[in-house]
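For reference, the chains in residue letters:
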Amino acid sequence: MIPTEDASARKREIEEKLKQEQETLAFIRENLEKSDQLTKGMVSILSSFESRLMQLENSIIPVHKQTENLQRLQENVDKTLSCMDHVISYYHVAKDTDKIIREGPTGRLDEYLACIAKIQKAVEYFQDNNPDSPELNLVKARFEKGKESLEAEFRGLLTRYSKPVPPILILDAIGVDEELEVQEEVTLEHLPEAVLQDIIIISGWLVEYGRNQGQGQRVHRVRMRGAPRTRRGPTPVHRHRSSEKRRPSPSMRFYSSTILYDFMNVYFQIRSNQLDRSIKGLKEHFRKSSASSGILYSPAVQTKRKDTPTKKAPKRPGHDYDLRVKHLNDALSEKHGASAGKDDVLDIEIDSYIHCISAFVKLAQSEYALLSEIIPEHHQKKTFDSLIQEALDNLMLEGDNIVSAARKAILRHDYSAVLTIFPILRHLKQTKPDFDTTLQGTAASTKNKLPTLITSMETTGAKALEEFADSIKNDPDKEYNMPKDGTVHELTSNAILFLQQLLDFQETAGAMLASQVLGDTYNIPLDPRETSSSASSYSSEFSRRLLSTYICKVLGNLQLNLLSKSKVYEDQALSAIFLHNNYNYILKSLEKSELIQLVAVTNKKVESSYRELIQQQIQVYQRSWYKVTEHLTDRNMPAFQPGTKLKDKERQAIKDKFKGFNDGLEELCKIQKGWAIPDKEQRDFIRQAQRKVVSEAYKAFLQRYANISFTKNPEKYHKYRPDDVEDMIERLFDTSA
């Protein structure tokens, strides 16, 4: 049971809470009524606002539409005025650009090109919109005038600033000097930088104009002044969309092809002339320098040289210059009456031609680098081909003249002329790889010019070598042409000098002979790899074998001819001395040069063979003394006892022995003193051997008849002491004794 007090308190508490809840409920009801009243008032206000807004909108919308129409009309008027101004500007282009077009682009190329662009747009406008307008003919004429002025400026800049390359720069570009501390590549600048910029801009405009007129090819983009440029030729560009939509008229397409080809023709004609003048200038400089000082001098590199005790003469491009060429020319042409001055001129011409060939390659490479910046890529090879033709043709013509002169000289049996071909042919072969690279992409007829000249020189050289070998064999045996003292024959010295010269051109001479191998001139077994290749690809070893065989052939022919010539001498001893001198000269010359190694390639016993021949001739010579020494023998003489009285017949026999010896000795010494043995070693050897034989026999002879009285005047028969005999023999082969 809950206590009564607690229940009362609980009841009161509940009643108080109920009262509070009732008061809260009354408050909420009061607020709801107020909210309803406010909502009704707001709805009424909004309805009134909406009604008024609709009234306002109905009033403003017509005004807005009217204003919008007015604005559109204003814009149309502005656009119409702008279009009218633009159209009117085309009618004023001819007048506005007249002064600049008349004055030309010189000095203000960018401004001039801008005027040309305006004129071009005017031409396109009138062609598209009003082709019958007289203004079209006016702007066309103005455009044609502008185009001609640009072409004239292109031609004028090239003509004024294209100069021949100075010979000194060419020599520095092609020369290689071992005394230079640092090898620096010489750059050939054909045009001033500013002029080159203008030419490239004009060329680019002409090509771009041609492209925009329907050429449809990848060409230069016009590059404005100050823009970076590359040295690797033109850069292909892409059409702008607006230009792709334009369709040029037929007349404009006609202009485009004319412009494109005219300016390229102008370019190659001017540059071709300068290339040819550069090479001719080098040739003239070379002749003057060689004539005045004997050596070629290039002051541009002088400051770079080391200080050395001696200065070397500049070398031919690609190989060393050998003074033996001149020496051999002098020796071989002496009998033909050629002067030394003529040989010097010939030597200068050879060096000049060799330098000009190298100069052509360098200049052509430089010209192509310049051309690649100016001429469209697809026309570069053809233009380059045309550009180099004049200079190349002149060089080939000069080469043909050299070959022709050599052929004429060969017909005259002047085989020294082949020496002019050797250094040139070697240099042409060394230059051929660079030549082929430079002319890559040109016409086949252009690329074949150098190989044709090389083949012609090889054929002529091979013919000269063959005829020279035959001439050695068939040289006539004329008594007036034989040395009176039995010294070395001119034919021998000339032949050896000629063969020695071949040492410096082994591969070149081998290639010449290789062309004859194909005709079975030489019976040499070919290597299978060599058989399947062309003559130009023969290995150096095979060329060496060919040259060795050729030299052996010449030496064999020379030996046969010398044997024949020796028979001209009536004195067999002099004939032996003659052969001895020539054989010894041949052997010594072979040993002093590399000829002995070269001959040994196909003849291992060449040295021993010549030594045997020399010894044989010494023995033949020694037999000439038998008629002297036979008087010193006791053959057919009885034995004499000292103190025994001799019969008259016996005394006379002894007297005849002494007299025969004395007369024979005097006669031989008198004759042989005028003979010659140029080789001191051989001369001393022969003297010593003969002195020993004669002296010993004479001493024995004197001792045998020393105590025998065969005359009342012994001094009449005993004229010479042994020392006197030795002295007389010692003076053999000495005209000054």
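Asks: Go over the overall build of the protein, please, and point to the residues and values.
Replies: Within the protein, the regular secondary structure consists of 25 helices and zero strands. Taking all 737 residues of the protein together, the buried fraction comes to 43%. Across the protein, the fraction of contacts at a sequence separation of at least 24, relative to all contacts at a separation of at least 6, is 80%. Roughly 41,100 Å² of accessible area belongs to the protein as shown, and the carbon and sulfur atoms make up 52% of that amount.

Asks: Describe the pattern of salt bridges, and please don't skip the residues or the numbers.
Replies: Tallied over the entire structure, the rule returns 25 salt bridges. In this structure, the salt-bridge partner of Glu144 is Lys147, at a minimum N-O distance of 2.8 Å. Here Glu144 and its partner Lys147 are both found in helix α3 (residues 134–161), three residues apart, which amounts to about one turn of the helix. When sorted by exposure, Glu144 lands in the same class as Lys147, which is buried. In this structure, Asp393 and Lys449 form a salt bridge, with 2.3 Å as the shortest nitrogen-oxygen distance. Residue Asp393 is found in helix α10 (residues 377–411), and its partner Lys449 is found in helix α13 (residues 449–474); the two are separated by 56 residues along the sequence. Several salt bridges converge on common partners, so that one network encompasses Lys680, Asp684, Arg687, Arg691 and Glu730.

Asks: Kindly report on empty space enclosed by the protein, identifying the contributing residues and their values.
Replies: One pass over the full model with this rule turns up one cavity of 30 Å³ or more. Computed from the structure, the largest cavity encloses a volume of approximately 40 Å³. Along the walls of the largest cavity sit Lys163, Pro164, Val165, His190, Arg271, Gln274, Leu275, Ser278, Leu363 and Glu367, which together make up its complete lining. If you list the elements that add at least two residues to the lining of the largest cavity, you get α7 (250–293) and α9 (340–374). It is α7 that contributes the most residues to the lining of the largest cavity, four residues altogether. Looking at the lining of the largest cavity residue by residue, the classes come out as four nonpolar, three polar and three charged.

Asks: I'd like a rundown of the environment of Gln506, residues and numbers included.
Replies: With respect to the helices, strands and loops of the structure, Gln506 is situated in helix α15 (residues 506–517). Since its relative accessible area comes to 18%, Gln506 is described here as buried. The contact partners of Gln506, leaving out residues within four places of it in the chain, are Ser543, Arg544, Leu547, Glu594 and Leu598.

Asks: With reference to specific residues and values, describe the packing of aromatic side chains.
Replies: This structure, assessed with the given rule, holds 15 aromatic pairs. Geometrically, the ring pair formed by Phe360 and Phe435 is tilted, given 5.9 Å between the ring centres and 35° between the ring planes. Here the residue Phe360 occupies a position in helix α9, and Phe435 occupies one in helix α11 (residues 418–438), the gap between them amounting to 75 residues. Here the aromatic residues Tyr415, Phe468 and Phe498 are joined through ring pairs into a cluster of three or more.

Asks: Give me the lowdown on helix α4 (residues 167–174), citing residues and values where you can.
Replies: Among the eight residues that make up α4, six are buried, leaving the element largely enclosed by the rest of the structure. Every buried residue of α4 is listed here: Ile168, Ile170, Leu171, Asp172, Ala173 and Ile174.

Asks: Explain the nonpolar core to me, and be specific about the residues and the numbers.
Replies: Ranked by size, the top nonpolar core spans 167 residues in total, and within it Phe360, Tyr550, Tyr621 and Trp625 carry the most contacts. With 13 residues, the single largest contributor to this core is α9.

Asks: Outline a nonpolar patch on the surface, listing residues and values.
Replies: A cluster of nonpolar side chains, contributed by Phe49, Leu53, Leu56 and Ile60, occupies part of the molecular surface with about 390 Å² of accessible area. Counting through the fold element by element, Leu56 comes out in helix α1 (residues 4–103).

Asks: Go over the packing of helix α14 (residues 490–502) against helix α18 (residues 572–592), please, and point to the residues and values.
Replies: Where α14 contacts α18, the axes come no closer than 10 Å and their chain directions differ by 15°. Here α14 lies roughly parallel to α18, going by the angle between them. Like other packed secondary-structure pairs, α14 and α18 cross with a definite hand, here right-handed. Between α14 and α18, the contacting residues are Thr492, Ser493, Ile496 and Gln500 on the first element and Asn582, Tyr585, Ile586 and Ser589 on the second. Within the contact of α14 with α18, the residues separate by chemical class into three nonpolar, five polar and no charged.

Asks: Can you lay out unusual backbone geometry for me, pointing to particular residues and giving the numbers?
Replies: Glycine aside, the phi torsion of most residues is negative, and most peptide linkages are trans. Even without being a glycine, His413 presents a positive backbone phi close to 65°. Note that His413 resides in the loop between α10 and α11. Non-glycine residue Phe733 carries a positive phi angle of around 60°. Accessibility expressed as a relative area gives 6% for Phe733, which makes it buried.

Asks: Requested: an account of the confidence of the model for the protein, with residues and values cited.
Replies: Scored by pLDDT, the protein comes out at a mean of 79, with 79% of its residues at no less than 70. A low-confidence stretch, residues 211–258 stays under pLDDT 50, and its non-local contacts, those more than four residues away or across chains, total 92 contacts. Low pLDDT, under 50, characterises residues 318–341; the stretch is placed with 46 contacts to residues that sit more than four places away or in other chains.

Asks: Summarise the environment of Gln380; cite the residues concerned and give the values.
Replies: Positionally, Gln380 belongs in helix α10. According to the relative accessible area criterion, Gln380 is buried, its value standing at 6%. Note: C-alpha distance between Gln380 and Tyr368 (twelve residues apart in sequence) is 8.1 Å. Of note is the side chain of Gln380, whose polar atom sits 3.4 Å from the side chain of Tyr368.

Asks: Lay out the side chain of Arg687 in plain terms, naming residues and giving numbers.
Replies: Tracing the backbone shows Arg687 in helix α23 (residues 680–704). Within polar-contact distance, the side chain of Arg687 engages the backbone oxygen of Leu732 at 2.6 Å. Setting aside anything within four residues of it in sequence, one finds Arg687 in contact with Ile729, Glu730, Arg731, Leu732, Phe733 and Asp734.

Asks: Could you give me a rundown of the packing of α10 against α13, with the residues and numbers involved?
Replies: Here α10 crosses α13 at 10°, and the two axes come no closer than 10 Å. Viewed along their axes, α10 and α13 adopt a mutual orientation that is roughly parallel. On α13, the residues that touch Gln389, Leu392, Asp393, Met396, Gly399, Asp400, Val403, Ala406, Arg407 and Ile410 of α10 are Lys449, Leu450, Leu453, Ser456, Met457, Thr460, Ala464 and Glu467. Of the residues belonging to the contact of α10 with α13, the class tally is nine nonpolar, four polar and five charged.

Analysis parameters
Residues numbered from 1 in each chain as written. Predicted model: local features only at pLDDT ≥ 70, side-chain atom pairs only at ≥ 80, totals over all residues. Heavy atoms only, no water. Helix = DSSP H or I, 4+ residues; strand = E, 2+ residues; numbered from the N terminus. Buried < 20%, exposed > 50% of the residue type's maximum accessible area, 1.4 Å probe, protein only. Contact = heavy atoms within 4.5 Å. Areas by Shrake-Rupley, 256 points an atom, 1.4 Å probe, with all protein chains shown as cover. Salt bridge = Lys/Arg side-chain N within 4 Å of Asp/Glu carboxyl O. 1 Å grid on protein atoms, 1.4 Å probe; cavity = no way out; pocket = protein on both sides within 12 Å on 5 of 7 lines; lining within 4 Å. Points joined across faces, edges and corners; volume = space filled by probe spheres on them. Nonpolar A, V, L, I, M, F, W, Y, C, P; charged D, E, K, R; others polar. Phe/Tyr/Trp six-rings, centres within 6.5 Å; stacked < 30°, edge-to-face > 60°. Core = buried A, V, L, I, M, F, W, Y, C linked by side-chain atoms within 4.5 Å. Patch = residues over 30% accessible without salt bridge, like charges linked within 9 Å, V, L, I, M, F, W, Y side chains within 5 Å. Axes fitted to C-alpha atoms, helices over the stretch in contact; angles between N-to-C directions. Parallel < 35°, antiparallel > 145°, perpendicular 65-115°, else oblique. Left-handed = near helix turned anticlockwise from the far one by under 90°. pLDDT = per-residue confidence, 0-100. Polar contact = N/O pair within 3.5 Å; in protein donor to acceptor, adjacent residues only side chain to side chain.

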